[in-house]
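Each chain is listed here by its residues.
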Amino acid sequence: MHWAANGNFVDRDRIPQYVVGFGALLTLALLGEVAFLFAIGSPIVFDGGFLVGVVTTIPFLAGIVFGGYWLRSSDLSPDRYLRVVGWGLTGTVVFLAINLALIVAIPYDSWLVIGPWIRWAVVLGASVGLLIGCLEGRAIERALAAERASLQAAYLEDQREYLDYLNSILRHEVLNTSTVINGYASLLETEATGLTGQQREWARIVIDESEELSTVIDDVRVLIAATEGGRQLEPVNVSRVLADEIRKLDHRWESVDVETSIPERVFVQADDLLARIFANLLSNAVEHNDAETPSVAVAVDATPETVSIEIADNGPGIPDSERETLFERAESHGSTHGLGLYLVSQLTTRYGGSVELTETGHDGSVFTIELPALSDDQASVALERQTDRSLVME
């Protein structure tokens, strides 16, 4: 034993062992008592009252030993152990006091009766007290767990309200302001007369930075949406989502060669944020590409268990200094890939999948996303349920 943090001279973690040891000592005392009485040839051994006392003591002894093992394997905090033992000691004292009073009130011819009676009172009181202590300990733990769950629910609700407020500010205030800045800077660059080349370059920087700010705001809003507990995952056709994002890429960047190898129907469990994974990776493949003609190759390989999506480019590759922290939150504004890859990582994790940089070099990079697959049958059943729910709501 040692001084605990609260000053108690006890090692709380060892209390279950002490309880088991106490039960074992009482068991040895019972066996020793019976052996002693046999050895001296006492007729009390064959007395009905004595035999009843021995038989009724055995289950309570087993209860004390079991109580020690239960404490050790239960989810009770060690902080409850002292209280459980306290109940055991209280039960022992109360039962012993009652029975000592009876011993004094009822005269006996032989002192040999008193020992078994006291032993019976100690065992019965300790076992009943331990039972009460264990029941009370579990009740306290459950009450505390319920209180923690209630506080956690309230905290999460406050967080959701805060995130909704933050999302509203980003959408109505910051994003709108960024759009206004971008619009006036674009007018300044294209319509203003008498500007020098340097001044037009400054206008171009304002335009680029406002567009970058809008992208970051959009990504933050997606992250906020991804944390909402109410979103339900459902079957999503990866092939259709990829086709939509590739079409957007073609519209945004005219001089991009895109090669695809995508089956017609490949389903995963996701939601409408899945598109942001591919939008970010496809945009990065072009935006950070210094080739004369940027090239992007998208391939989907589906097995019964996994859907693997590879997005390859012919860009300059990822610098060694960025590879280890590629999917972490960017700490500096100068980060090449900003928040986008962190968003990709968070969303793939949300869908039970993974993303990694599988190849990179001077001739390009390859990102691989792996997501748990849904079979056509699973997807069909889930889609039918969605249709039924929609009809019911209508």
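Overview of the structure.

About the cut-offs
Every chain's residues receive numbers from 1 upward, in the order its sequence appears when written. Note on the predicted model: pLDDT of at least 70 is required for a residue's local features to be given, and 80 or more for side-chain atom pairs to be given and counted; whole-chain, interface and lining totals, by contrast, use all residues. Computation of side-chain values: all heavy atoms of the structure, hydrogens and water removed. Each helix corresponds to a stretch of at least 4 residues labelled H or I by DSSP, and each strand to a stretch of at least 2 residues labelled E; elements are numbered beginning at the N terminus. Any pair of residues with heavy atoms lying within 4.5 Å of one another is described as a contacting pair. Only the protein chains shown count as cover for residues, and the accessible areas themselves come from Shrake-Rupley with a 1.4 Å probe. We define the nonpolar core as a collection of buried residues of types Ala, Val, Leu, Ile, Met, Phe, Trp, Tyr and Cys that are connected through side-chain atoms lying within 4.5 Å of one another. Classification of residues uses two cut-offs on accessible area relative to the type maximum, computed with a 1.4 Å probe and protein chains only: under 20% is buried, over 50% is exposed, and between them is partly exposed. Only Phe, Tyr and Trp rings take part, Trp by its six-membered ring, and two of them pair if their centres are within 6.5 Å. Stacked means planes under 30 degrees apart, edge-to-face means over 60, and tilted covers everything else. How far a helix is expected to stretch is found by multiplying one less than its residue total by 1.5 Å. Helix axes use the C-alpha atoms of the stretch in contact, all axes being lines fitted to C-alpha atoms, and the angles between their N-to-C directions lie in the range 0 to 180 degrees. In this scheme, roughly parallel covers angles under 35 degrees and roughly antiparallel covers those over 145, while 65 to 115 is roughly perpendicular and the rest are oblique. When residue character is reported, Ala, Val, Leu, Ile, Met, Phe, Trp, Tyr, Cys and Pro are called nonpolar, Asp, Glu, Lys and Arg charged, and the others, Gly included, polar. Each patch is built from residues lacking any salt bridge and having more than 30% relative accessible area; the joining distance is 9 Å for like charges and 5 Å for nonpolar side chains (Val, Leu, Ile, Met, Phe, Trp, Tyr). Salt bridges are counted wherever a side-chain nitrogen of Lys or Arg sits within 4 Å of a carboxyl oxygen of Asp or Glu. Only four residue types enter the charge count, namely Lys and Arg as positive and Asp and Glu as negative; His and the chain termini do not. Every charge is mapped to an atom, namely NZ of Lys, CZ of Arg, CG of Asp or CD of Glu.

1. Regarding the overall build of the chain
And step 1. Helix and strand content of the chain: 10 helices and seven strands.
And step 2. Partitioning the intrachain contacts of the chain with sequence separation of at least 6 by distance along the chain shows that 73% fall at a separation of at least 24.
And step 3. Accessible surface computed for the chain: about 23400 Å², of which carbon and sulfur atoms make up 58%.

2. Description of the environment of L89
And step 1. Summarising the element assignment, L89 is placed in helix α3 (residues 81-105).
And step 2. Distance from L89 to S127, taken between C-alpha atoms, is 9.5 Å for residues 38 residues apart in sequence.

3. Section: the nonpolar core
And step 1. Ranked by internal contacts, the top residues of the largest apolar core, which has 43 residues, are L274, I277, F278, I309, I311 and I369.
And step 2. No other element matches helix α7 (residues 274-287), which puts eight residues into this core.
And step 3. When sequence neighbours within four positions are dropped, the list of residues in contact with I309 reads V238, L242, F278, V298, A299, V300, F367, T368, I369 and L371.
And step 4. Counting 20 residues, the second largest nonpolar core, distinct from the first, contains L37, L76, V123 and C134.

4. Thoughts on the packing of aromatic side chains
The way to describe two aromatic rings as a pair is by their centre distance and the angle between their planes.
And step 1. Applying the stated criterion across every chain, the model contains one aromatic pair.
And step 2. Consider the rings of F327 and F367, whose centres lie 6.2 Å apart with planes at 90°: the pair is edge-to-face. A residue pair is termed long-range when its members are at least 10 positions apart, and F327 in the loop between α8 (320-323) and α9 (340-350) and F367 in strand β7 (residues 364-374) qualify at 40 residues. Just as F327 is buried, F367 falls in that class too.

5. Here's the deal with α7
For the α-helix, the turn length of 3.6 residues means that residues three or four positions removed from each other point alike.
And step 1. Under the 1.5 Å per step criterion, the end-to-end length of α7 is 20 Å for 14 residues, consistent within 8% with the ideal 20 Å.
And step 2. Most of α7 sits out of view: 13 of its 14 residues are buried.

6. A short note on α9
And step 1. Burial of α9 is extensive: eight of the 11 residues sit out of reach of the surface.
And step 2. Residues of α9 that are buried: G340, L341, Y342, L343, V344, S345, L347 and T348.
And step 3. G352 occupies a position one or two residues after α9 and carries a positive phi of about 80°.

7. What to know about the packing of helix α1 (residues 15-39) against α3
And step 1. The contact between α1 and α3 brings their axes to 10 Å, and the two run at 25°. Comparing the axis directions of α1 and α3 gives the class roughly parallel. Here α1 contributes I15, P16 and V19 to the contact with α3, which in turn contributes Y81, L82 and V85.
And step 2. Residue composition of the contact of α1 with α3, grouped by class: six nonpolar, no polar and no charged.

8. Here we look at a negative patch on the surface
And step 1. On the surface, D301, E310, E359 and D363 cluster together into a patch of negative charge.
And step 2. Among the secondary structure elements, D301 is positioned in strand β4 (residues 295-302).

9. Focus: the pattern of salt bridges
And step 1. This model, assessed by the stated rule, comprises seven salt bridges.
And step 2. In this structure, the salt-bridge partner of R80 is E141, at a minimum N-O distance of 3.3 Å. Residue R80 is located in the loop between α2 (48-73) and α3, and its partner E141 is located in helix α4 (residues 114-191); the two are separated by 61 residues in the primary sequence. Residue R80 shares its accessibility class with E141, and that shared class is buried.
And step 3. Among the salt bridges present, the one from R323 reaches D320, with a minimum N-O distance of 2.9 Å. Remark: D320 and R323 occur in helix α8; sequence separation between them is three residues, near one turn of the helix.
And step 4. Under the relative-accessibility criterion, D320 is labelled exposed at 58%.

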